[in-house]
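Descriptive structure summary
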Amino acid sequence: MAQEAPVNTGAPPVREFPVAWVAQIQAKLHSWAAADPGRRFDDLFNLVHDPATLAVAWDRVAANRGARSAGSDGLTVARVEAEIGVPVFLDDLRQQLRTGTFCPQPVRERKIPKTGGKLRRLGIPTVTDRVVQAALKLVLEPIFEADFVPVSYGFRPERRAHDAIAEIHLFGTQGYRWVLDADIEACFDRIDHTALLGRVRGRIKDKRVLALVRAFLKAGILTELGDYEDTRTGTPQGGILSPLLANIALSVLDEDLHAPWTPPAEMSTEMRRRRRRWKNLPNWRLVRYADDFVVLTDGDVHHLHVLRERITQVLTPMGLTLSAAKTHIVHMSKGFDFLGFHIRWARKKGTSKWHVYTFPARPALRSVKAKIRALTPRTSQADLKDTLIRINRVTRGWANYFRHAVSSRTFNHLQQYTWWRLVRWQRTLHRWNWKDVRRWLTDPRGRWHPIHADGIELFNPTSIPIRRYRYRGNAIPTPFTYLRNPV
């Protein structure tokens, strides 16, 4: 029988070290949730509006790069600090939560370009709403992390895209080479609120917390034209709580496809998987990152068609459907793109051996080149030092992301492309000929040196060492599995 006891944290009235106290509470919630999968948590609302929780939530909101963005009320983090004061702001917010007068404001709509010329709709909550969402996430995430299965990697603590790629690489090497490369159409916009709240109620009994989650889902959108729109479905992409809610909704897919891997099910051991192969039955593995996922199988293509229908039936109650344009079945020898990487099973040059390789995908390379091109128009009057700083940020981040792939040739190409963009810009700007360029970039002995300006040197992507990412699997740690020393 499911336990429904209230949460008694034994919290002291004064939190001298709020970060450590919140970490302890999170560890306790995660431990209780993991120990009793049927437990529904009550009396959580006092943790949401606790001064320590709100203080930690504020710090996370203020440290986020979106702190400079204003919501529908026009307030930013800087304005709150300068005009109101953080202690006064948090005390007033806590009183609103305790008295039940807090009401989320509509999120401000902002549309950003997507690949293919389409626009992605983002919602920017107010600073007040962001702090409350962050506080809710601090309390809810440890509970639901105990239920999430290891095949999902997006927007989860200590997990990253490289773990998903490493898992695909591992199973591709083991013979799982037919791939369903899928994408959920407008996932954040179409999640059914009733179905989502039903899954939240499976773990949360506190009606005040449920009402707060529902209020954020129903807050509405203030469009770029100033019109108000109801949010009948979905969780606006851009909110702090939205990724967690999306993972709660999509865990229905994870649980369904991963169930055969749970002992003592039919794929839970290597021997059982071999028996299935001997009987011409497929084994499969799901790898999901947010609303993008792949299903790999060691069976045939028709097995993936059956799995695709199964996935459609699982997602339908959540109000979700697969994108027809972005969902396709492919053999790994043809290759497919996932999370910016191109993954392909190919023969190693000069040998008869076949391996699974990961490369930077062409769209990812085109994207970073477009950013460099935008920074280096030939008619630009920008300062070279400032341009080098901005280019270095772009190329260093991009190269670090792809340093675990087969990237040496791509890095060299990116370096050459960037070098020539800068040289052509400077030639046009200063009306130089090639001798002037050589005089600028060579020493008296004729040796070339990197492009530089006022002590800032052009970053060379080929200087980053390329190493295979270590597959972590079930060894990925969670920050909620330990208790810190009492404070």
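The sections below set out a description of the structure shown in this document. (Residues numbered from 1 in each chain as written. Predicted model: local features only at pLDDT ≥ 70, side-chain atom pairs only at ≥ 80, totals over all residues. Heavy atoms only, no water.)

**Looking at helix α7 (residues 161-173)**
For α7, built from 13 residues, the straight-helix expectation of 18 Å at 1.5 Å per residue is met to within 8% by its first-to-last C-alpha distance of 19 Å. In terms of burial, α7 is a largely internal element, eleven of the 13 residues being buried. Where α7 is concerned, the buried positions are Ala161, His162, Asp163, Ala164, Ile165, Ala166, Glu167, Ile168, His169, Phe171 and Gly172. Check the buried side of α7 and you find it contacts β6 (284-289), β7 (292-297), β9 (336-338), β10 (341-347), β11 (354-360) and α15 (384-401). Looking at the residues trailing α7, positive phi occurs at glycine 175, about 105 degrees. (Helix = DSSP H or I, 4+ residues; strand = E, 2+ residues; numbered from the N terminus. Expected span 1.5 Å × (residues − 1). Buried < 20%, exposed > 50% of the residue type's maximum accessible area, 1.4 Å probe, protein only. Contact = heavy atoms within 4.5 Å.)

**Quick notes on the packing of helix α14 (residues 362-375) against helix α16 (residues 408-430)**
Geometrically, a packed helix pair is captured by the angle between its two axes and the distance between the axes. Interaxial distance between α14 and α16 falls to 10 Å at its minimum, and their mutual angle equals 20 degrees. Comparing their axes, α16 and α14 come out roughly parallel. The two elements α14 and α16 meet at a crossing, and its hand is right-handed. Packed against α14, whose contacting residues are Leu365, Val368, Lys369, Ile372 and Arg373, the element α16 presents Thr410, His413, Leu414, Tyr417, Thr418 and Arg421 at the interface. A breakdown of the residues in the contact of α14 with α16 according to their chemical character gives five nonpolar, three polar and three charged. (Axes fitted to C-alpha atoms, helices over the stretch in contact; angles between N-to-C directions. Parallel < 35°, antiparallel > 145°, perpendicular 65-115°, else oblique. Left-handed = near helix turned anticlockwise from the far one by under 90°. Nonpolar A, V, L, I, M, F, W, Y, C, P; charged D, E, K, R; others polar.)

**Let's talk about the pairing of strand β1 (residues 107-113)**
Here β1 runs beside strand β4 (residues 221-222); their pairing, made up of two bridges, is parallel. Within the sheet, the bridge partner assigned to valine 107 lies in β4 and is isoleucine 221. Where β1 lies against strand β2 (residues 119-124), six bridges are found, and the strand directions are antiparallel. Pairing of proline 113 across the sheet is with leucine 119, part of β2. (Pairing = 2+ DSSP bridges.)

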